[in-house]
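Structural features, examined
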Amino acid sequence: MYSLENKKLSLKVKPTGAELCSIINKENGLEHIWQGDPNIWKGHAPVLFPIVGNLKDDEFIFEGNAYSMPRHGIFRHSDAIELIEQTKDRLTFSFKYSEETLKQYPFKFEFQLSYILNENTVEVKHGVINLDSKPMYFSVGAHPAFNLPLFEGEEYQDYYLEFDKKLHLKTHLLSPEGLVSEETEEIISDSETIQLHKDLFLKDALIFKDISSKKVVLMSKQHGPVLEVTYPDFKNLGLWSKPGADYVCIEPWLGIADGVNTKKDLKTKEDINKLMPSETFNASYSIAIK
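For clarity, every value in this text was computed on a predicted model and none was experimentally measured.

Considerations on the state of the cysteines
Tallying each qualifying case throughout the model produces zero disulfides. No disulfide involves Cys-21; its sulfur sits 15 Å from the nearest other cysteine sulfur, which is in Cys-249. Take Cys-21: its relative accessible area is 5%, and that puts it in the buried class. Cys-249 sits in the buried class, given a relative accessible area of 0%.

Written as C-alpha cells, this is what we have:
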C-alpha cells in the first residue's frame with residue numbers, strides 16, 4: 001500500500017491497478033472512498049484504460065484482427081505497475097506495454113498515473129505516451145466511489161449532486177450487455193441538481209455525453225458541500241452505484257462503452273482518442289474535500 005498525507009488529508013493507493021482506496025479528512029476522521037465490500041462491489045476508484053465500459057462481445061477489431069479485453073480495460077487489474085516517483089505530495093506510477101499486453105492491445109505505450117496532494121485536494125493526472133511507430137487508439141476514465149451517507153442520522157436521499165450551471169441532461173440507456181443504446185431518458189431539465197435516491201440506478205449507470213458542466217459538488221442537505229469533482233479535460237460523465245448500495249460513483253470519461261450497433265472497429269469506436277507516434281496525451285481531474 002502507498003500513502004500520502006498532509007495536515008488536511010491522508011490517502012492510500014493499492015499496488016494492483018494503482019487504485020486510490022482511501023481519502024480521509026483528518027479534520028473530522030471521515031473516510032470518503034467506498035471501502036469495497038465484496039458482497040456488493042469490491043472496487044474503490046478503478047482507473048479505466050485503454051477502454052471505458054464494455055466492448056461488444058468483449059472484443060474489438062484492429063486492422064483485421066480481433067482482440068479480447070474485459071470491461072474498463074487491462075490497467076485496473078494489473079500488478080505490473082511500477083512506482084516511479086514518490087515525494088511528500090506526489091505518487092507517480094508507470095504501466096508499460098509487454099508481450100502480454102500486446103496480445104490484448106496491439107500498441108506499444110506507457111501509461112502514467114499521478115496522485116498529487118495539495119491542501120484539501122487530490123489531483124489525478126493521466127499521461128499516455130505512444131511508443132509505437134503507428135497511431136494508437138485509446139480511452140481513459142475515472143471511477144471513484146464516494147461513501148454515502150457520511151454523518152450520523154442521515155440517509156442516502158439526504159444527498160444531491162449540484163453542477164455549476166443549469167443543465168438539460170438525458171442518460172443513454174444501457175442494454176443488458178452493458179452497451180449504449182440510442183434510447184434516452186430525461187434526468188433533469190433546466191436544473192443544476194440531481195437528487196440521489198436508492199432507485200436512481202435501477203437501470204444501471206447514468207451516461208451523460210458531451211456534458212457542458214465540468215464541475216459537480218456532492219451536497220448534504222444537512223451539512224452542505226461534502227466534496228467537489230472537477231474534470232475540465234473530460235468529455236463525458238457517468239454516475240453509478242449498485243442499486244441500494246451506500247456510495248455514488250462520479251466518473252469523468254474520455255471514451256464510452258460500445259454502442260449496440262457497433263462494428264467493433266477500434267479506429268471508428270465512439271469517442272476514441274488517437275495519439276500519433278512519440279506524442280504524449282494528458283488529462284486530469286481533481287477531488288476537493290470540503
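Re the pairing of strand β15 (residues 159-174)
Here β15 runs beside strand β18 (residues 215-220); their pairing, made up of five bridges, is antiparallel. Residue pairing across strands places Glu-162 opposite Val-217, the latter belonging to β18. By the bridge criterion, nine bridges tie β15 to strand β16 (residues 180-195) in an arrangement that is antiparallel. Residue pairing across strands places Glu-162 opposite Thr-193, the latter belonging to β16. Taking the residues between adjacent antiparallel strands as the criterion, β15 and β16 are bridged by five residues, where Gly-178 takes a positive phi near 80°.

Re unusual backbone geometry
Residue Pro-50 follows Phe-49 across a cis peptide bond; omega there is 0°. Mapped onto the elements, Pro-50 comes out in the loop between β5 (47-48) and β6 (59-62). A cis amide bond links Leu-148 to the next residue, Pro-149, at an omega of -10°. With phi around 85°, Asp-204 is a residue other than glycine that occupies positive phi space.

Rules of the game
- Residues numbered from 1 in each chain as written.
- Predicted model: local features only at pLDDT ≥ 70, side-chain atom pairs only at ≥ 80, totals over all residues.
- Heavy atoms only, no water.
- Disulfide = S-S within 2.5 Å.
- Buried < 20%, exposed > 50% of the residue type's maximum accessible area, 1.4 Å probe, protein only.
- Pairing = 2+ DSSP bridges.
- Helix = DSSP H or I, 4+ residues; strand = E, 2+ residues; numbered from the N terminus.

Honestly, it's all geometry; don't read function into it.
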